[in-house]
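Topology and contacts: notes
These are the residues of each chain, in order.
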Amino acid sequence: MKKILTILLVAVLAVGFAFAADFTGNATISAGYNLDDTDWGFANATELTAGEITLKLGGADVGSTGEGDIYAEIAGTYAINLVVAKTTGATPVTIVPTLTSTFEITAANIHFGEDLVVGILNAGGGYSYAVSYWDDNDDGDADVEAVALGSKMAPGFTVTYKDYTAGFGMNGNAKAKTYKFFGQAQTPSYTLAEGVTLQAAAYGYLADDDKAAGAAVKGAYASDAFTANLGVDFVYDGGAKVEAALKAAYAPVTLDVYFTNQDVSNLSAKVAVEMGNITASVDARSLLNVESLAAAAQPRKVSVAVKGVFDAIEAQVTFGSTFAAKTYAFGGYVKYSAEKFAVKGGADLTLNAAADPAKLTAIKPYVQITSTALVNNATLTLAWAGADFADANADGKVNALGAITASCEIAF
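Predicted model, so just to flag it, every value in this text is computed and none were measured.

So, about the overall build of the chain. When its secondary structure is counted, the chain shows 1 helix and 26 strands. Excluding contacts between residues fewer than 6 apart, the proportion of contacts in the chain whose partners are at least 24 apart in sequence is 43%. Of the roughly 25100 Å² that the chain leaves accessible, carbon and sulfur atoms contribute 61%.

Printed below as a string of structure tokens:
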């Protein structure tokens, strides 16, 4: 065991190491009075958040490349890392690292001159041109990609000629009478006319117990005043799967349209207008949904937002409706930003129109004053939040009066 550890230590020292981490943390003191349970006094809190922490013990790109008009190349990469998964919580945080290692061949090609390349890793494929326009998770990625063309469905090879790509694969067993055949291709992006481009892909799959085929097309148009991008994916594997996404802009208007028949998202669309200091948008989701799908993950709903920024004043008004549940949400705020502080006040309301009589089920006002200028590297806040004035109780009392809190946060 000692010998193994010694070898590992020598290897680490030989390759060197790098440390990569994304830490954020804060410490907060607050003083306040809860208008509902009458708790009062000071509170202290700390929190540490770390993205994935990686101690890179070693890693490199490896490979070899031949010479001449016809030559072969191979490339790979390896990495040995000490990894701590994303961690969030009150300090101190217990960190449990794991040792990970990866080795992957990333390319294995035969070059015939400058334009023709044959790849021997797999049969390739897997193209998708349509994704939803929304990012509800704020992670930078679209939330829905419902259809993707088949990829690597049988072992084989790929061929690339200039910007054209294709792949073919097959295998089977004569005694068991099993077989798989797979083929795919993708064109380059053609320029059909000034500002107009088109690209397409397709695949086919045939096996003793399955079969499928699909195609994808994306087109774009761009001029000084107008731009449009359309992506369509289609797959048939016993049932038709369709996904389409359109994004168009003609200043000051932008339009997003998304359709899929694979879940209750079906048809959704968003229109936004930006004129000077004012931005307005209407976003309608799952327009083809029916009342019986009210409990689905994506019920039919619409939301409207208007936001204006005028020098030191920012204001926003929102409205949303979930049709089947007959609930309506209203919200709005006004924010004033001065040199030393910012004041923001607003309210969120929910109306249940299905009740008899209709009633407000949430009335949530809030107000806060913040400053990052009074104390360098600290945020001072005085806020009233957590209130709900909706009359949802039989005795007529409001749900919650909220709490008034003063706090100081120091963060890194």
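Tracing the backbone shows Thr260 in strand β17 (residues 253-260). Thr260 gets classed as buried once you look at its relative accessible area, which sits at 0%. At 3.1 Å, the side chain of Thr260 and the backbone nitrogen of Gln262 are in polar contact.

What follows deals with the nonpolar core. One finds Tyr129, Leu149, Phe182, Ala201, Tyr203, Tyr205 and Val235 to be the most contacted residues of the largest nonpolar core, which totals 14 residues. When residues of this core are traced back to their parent elements, those giving at least two are β13 (196-207) and β14 (210-222). Ignoring any residue separated from it by four or fewer positions in sequence, one finds Tyr205 in contact with Met153, Lys180, Phe181, Phe182, Asp210, Lys211 and Ala212. Residues Ala130, Trp134, Val144 and Ala245 belong to the second largest nonpolar core, which totals 5 residues.

Applying the stated rule across the entire model yields 4 salt bridges. Put simply, Asp237 and Lys241 hold a salt bridge, and the shortest N to O gap is 3.0 Å. Judged by its relative accessible area of 32%, Asp237 falls in the partly exposed class. Residue Lys241 is classed as partly exposed on the basis of its relative accessible area of 26%. For Asp256, the salt bridge identified is with Lys247, shortest N-O distance 3.4 Å.

Attention now goes to unusual backbone geometry. Omega for the bond connecting Ala251 with Pro252 falls within 30 degrees of zero, at 10°, which places this linkage in the cis form. Position of Pro252 relative to the elements: it lies in the loop between β16 (240-250) and β17. Its identity as a non-glycine residue notwithstanding, Lys162 has a phi of 55°, on the positive side. Phi is positive for Lys177, which is not a glycine, with a value near 60°. With respect to the helices and strands, the residue Lys177 is situated in the loop between β10 (164-173) and β11 (178-186).

As a further point, take the packing of aromatic side chains. Taken as a whole and assessed by the stated rule, the structure comprises 11 aromatic pairs. When the ring of Phe319 is compared with that of Tyr328, the centres are 6.2 Å apart and the planes differ by 15°; the resulting orientation is stacked. On the basis of relative accessible area, Tyr328 is assigned to the partly exposed category, the value being 27%. One aromatic cluster is present, formed by Tyr133, Trp134 and Tyr258 through successive ring pairs. One cation-aromatic arrangement involves Lys344 over Tyr333; the distance from NZ or CZ to the ring centre is 4.3 Å.

Regular strands show a simple pattern: their side chains alternate between the two faces of the sheet. Where β14 and strand β15 (residues 226-236) come together, 10 bridges link them in antiparallel fashion. For Ala213, the partnering residue across the bridge sits in β15 and is Tyr236. Linking β14 back to β15 in an antiparallel pair, the connection comprises 3 residues. Count of turn residues in the β15/β16 antiparallel hairpin: 3 residues, of which Gly238 carries a positive phi of about 105°.

With that settled, the discussion passes to the environment of Ala108. Within the secondary structure layout, Ala108 lies in strand β7 (residues 98-112). When residues no more than four places from it in sequence are discounted, the contact partners of Ala108 are Glu73, Ile74, Val118, Gly119, Ile120 and Leu121.

Right, let's talk about the confidence of the model for the chain for a bit. Averaged over every residue, the pLDDT of the chain is 85; residues scoring 70 or more account for 87%. Taken as a whole, residues 1-16 scores under 50 in pLDDT and shows 7 contacts with residues more than four places along the chain or in a different chain.

Here Gly167 shows up in strand β10. Owing to a relative accessible area of 10%, Gly167 belongs among the buried residues under this scheme. Put simply, Gly167 and Pro155 are 12 residues apart on the chain and 9.9 Å apart in space, counted from C-alpha to C-alpha. In this structure, Gly167 is in contact with Ala123, Phe157, Thr158, Phe182, Gly183 and Gln184, ignoring residues within four places of it in sequence.

Examined bridge by bridge, strand β8 (residues 116-119) and strand β9 (residues 156-161) share 4 bridges and lie antiparallel to one another. Looking across to β9, one finds that Leu116 is bridged to Tyr161. Here β9 runs beside β10; their pairing, made up of 6 bridges, is antiparallel. Across the sheet, Tyr161 pairs through a bridge with Tyr164, a residue of β10. Here β9 hands over to β10 after 2 residues, with Lys162 in that stretch at a positive phi of 55°.

The rules behind these values
Residues numbered from 1 in each chain as written. Predicted model: local features only at pLDDT ≥ 70, side-chain atom pairs only at ≥ 80, totals over all residues. Heavy atoms only, no water. Helix = DSSP H or I, 4+ residues; strand = E, 2+ residues; numbered from the N terminus. Contact = heavy atoms within 4.5 Å. Areas by Shrake-Rupley, 256 points an atom, 1.4 Å probe, with all protein chains shown as cover. Buried < 20%, exposed > 50% of the residue type's maximum accessible area, 1.4 Å probe, protein only. Polar contact = N/O pair within 3.5 Å; in protein donor to acceptor, adjacent residues only side chain to side chain. Core = buried A, V, L, I, M, F, W, Y, C linked by side-chain atoms within 4.5 Å. Salt bridge = Lys/Arg side-chain N within 4 Å of Asp/Glu carboxyl O. Phe/Tyr/Trp six-rings, centres within 6.5 Å; stacked < 30°, edge-to-face > 60°. Lys NZ or Arg CZ within 6 Å of the ring centre and 35° of its normal. Pairing = 2+ DSSP bridges. pLDDT = per-residue confidence, 0-100.

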